[in-house]
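Examination of the molecular architecture
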Amino acid sequence: MAKTTIKGDSFAVMSIFDMTITDYATGELITKIPYASSTGLEDTAEQIEVRGGEGNKLLTVFNHTKKASTKWTLPAIDFKLLALLKGASLGKAEKAKIAEDFTVGSDGTVTLSHVPVSAAAVKVYEYLNDYDVDTKGVSIDATKDEAISEVISIPTLVGKPVMVVYEFEFKEDDNAVEMVNMSDKFPDAVHCFGSATVKSLENQKLYPAYLEIFKAQPQASSSLGFESGAAATIEVNLDILNAKDDKGRNVYYKLTIDKDRPIDL
């Protein structure tokens, strides 16, 4: 077999790999991520040492259990990706629950942001101070069978600060999507590929680079944190699984640099 010689194979990575994710089983597009703040690959392996003789010298080592993983940090929340990580389903939202603060008007009413599903679904709590509410709550001035609008009547609390808790329905033409994280569902395997720009240390030119992860499984454990004054970030961790490439080789991923097509700025 002829040996391939690659000259000038040292490169500086100039950009983050943008990643496209497809369903491994069906090939259907899940999402594209062109906005990651970092992407990375990690390879690990376990090692057995063979030692002996005076001083218990290291004679040789055996490597085994080679593993690979990839980690992405995203500064924006992609609903499709979030559903993928949670093994969740996406669909049209039907209902939502909300708590809103008001000061009851002189006419004994407040105007909600949405129409409650029913009068029985509305609970009103008077504020005792800036933070605490009377947990007993009061009923609104309507019967359970009466038609209800976003304007509700609370004549016993005129001029008082209140919190109104209620459930509302989305309209048919509302563009509202919900992600349902079901307790018995786990993430499916995916195929990932992306591109970036690298700079040759030999000639200082820019070239395209391509990364393909043949098969990966999102880790079932994931976190989504919210911090005051900062945008939420998602840490995406995927275990890279063994797959067969088109040459029948057992592979994890492939990194390609195209030196025939330099990028002109």
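Quick notes on the rules
- Residues numbered from 1 in each chain as written.
- Predicted model: local features only at pLDDT ≥ 70, side-chain atom pairs only at ≥ 80, totals over all residues.
- Heavy atoms only, no water.
- Phe/Tyr/Trp six-rings, centres within 6.5 Å; stacked < 30°, edge-to-face > 60°.
- Pairing = 2+ DSSP bridges.
- Helix = DSSP H or I, 4+ residues; strand = E, 2+ residues; numbered from the N terminus.
- Axes fitted to C-alpha atoms, helices over the stretch in contact; angles between N-to-C directions.
- Patch = residues over 30% accessible without salt bridge, like charges linked within 9 Å, V, L, I, M, F, W, Y side chains within 5 Å.
- Areas by Shrake-Rupley, 256 points an atom, 1.4 Å probe, with all protein chains shown as cover.
- Salt bridge = Lys/Arg side-chain N within 4 Å of Asp/Glu carboxyl O.
- Buried < 20%, exposed > 50% of the residue type's maximum accessible area, 1.4 Å probe, protein only.
- Contact = heavy atoms within 4.5 Å.
- pLDDT = per-residue confidence, 0-100.

A look at the packing of aromatic side chains
Counted under the stated rule, the structure contains 3 aromatic pairs. Ring centres of F168 and F170 lie 5.2 Å apart, and the angle between their planes is 70°; this geometry places the pair in the edge-to-face category. The structure contains a cluster of three or more aromatic residues connected by ring pairs, namely Y166, F168 and F170.

Let's talk about the pairing of strand β3 (residues 29-33)
As paired strands, strand β2 (residues 18-23) and β3 are joined by 4 bridges and run antiparallel to one another. Residue pairing for β3: M19 is matched across the bridge by I33. Following β2, the chain reverses through 5 residues before pairing antiparallel with β3; G27 in that reversal takes a positive phi of roughly 80°.

Details of the sheet that holds strand β7 (residues 95-103)
Spatially, β7-β11-β9 is the arrangement adopted by the 3 strands of the open sheet, whose pairing is antiparallel. At either end of the open sheet lies a strand with only one pairing partner, and these are β7 and β9 (123-126). Each strand axis lies, on average, 20° off the axis of its neighbour in the sheet, ignoring direction. Of the pairings in the sheet, the one linking β7 to strand β11 (residues 161-169) comprises 9 bridges and is antiparallel in character. Considered in β11, the bridge of I98 is made with Y166.

What about a nonpolar patch on the surface?
Together, I77, F79, L90, V177 and F226 make up a nonpolar patch on the protein surface, roughly 480 Å² of accessible area in all. Among the structural elements, F79 can be located in helix α1 (residues 79-86). Looking at F79, the relative accessible area reads 37%, which means it is partly exposed.

Comments concerning α1
Of all 8 residues making up α1, 6 are buried, and the element is well covered by its neighbours. Three or more residues of α1 are buried, namely L81, L82, A83, L84, L85 and K86. Just past α1, the residue G87 takes up positive phi, approximately 65°.

Remarks on the pattern of salt bridges
Following the criterion strictly, the structure yields 7 salt bridges and no others. Note that D245 is salt-bridged to R249, the shortest N-O span being 2.7 Å. Given a relative accessible area of 44%, R249 falls into the partly exposed group.

Quick look at the environment of D188
Among the secondary structure elements, D188 is positioned in the loop between β12 (177-180) and β13 (190-200). Along the primary structure D188 and D174 are separated by 14 residues, whereas in three dimensions their C-alpha atoms are 29 Å apart. With near-sequence residues (within four places) excluded, D188 lies in contact with L84, A216, Q217 and P218.

Some thoughts on the confidence of the model for the protein
Mean pLDDT over the protein: 83, with 92% of residues reaching 70 or higher. Taken as a whole, residues 1-6 scores under 50 in pLDDT and shows 0 contacts with residues more than four places along the chain or in a different chain.

Points about the pairing of strand β5 (residues 57-74)
Taken together, the 14 bridges between strand β4 (residues 38-52) and β5 define a ladder with antiparallel strand orientation. Looking at β5, one finds that E42 is bridged to S69. The antiparallel pairing of β4 with β5 creates a hairpin that spans 4 residues between the two strands, and G53 there sits at a positive phi of about 75°. Sheet topology note: the β5/strand β16 (residues 230-240) ladder contains 7 bridges and is antiparallel. Paired with K71 across the bridge in β16 is N237.

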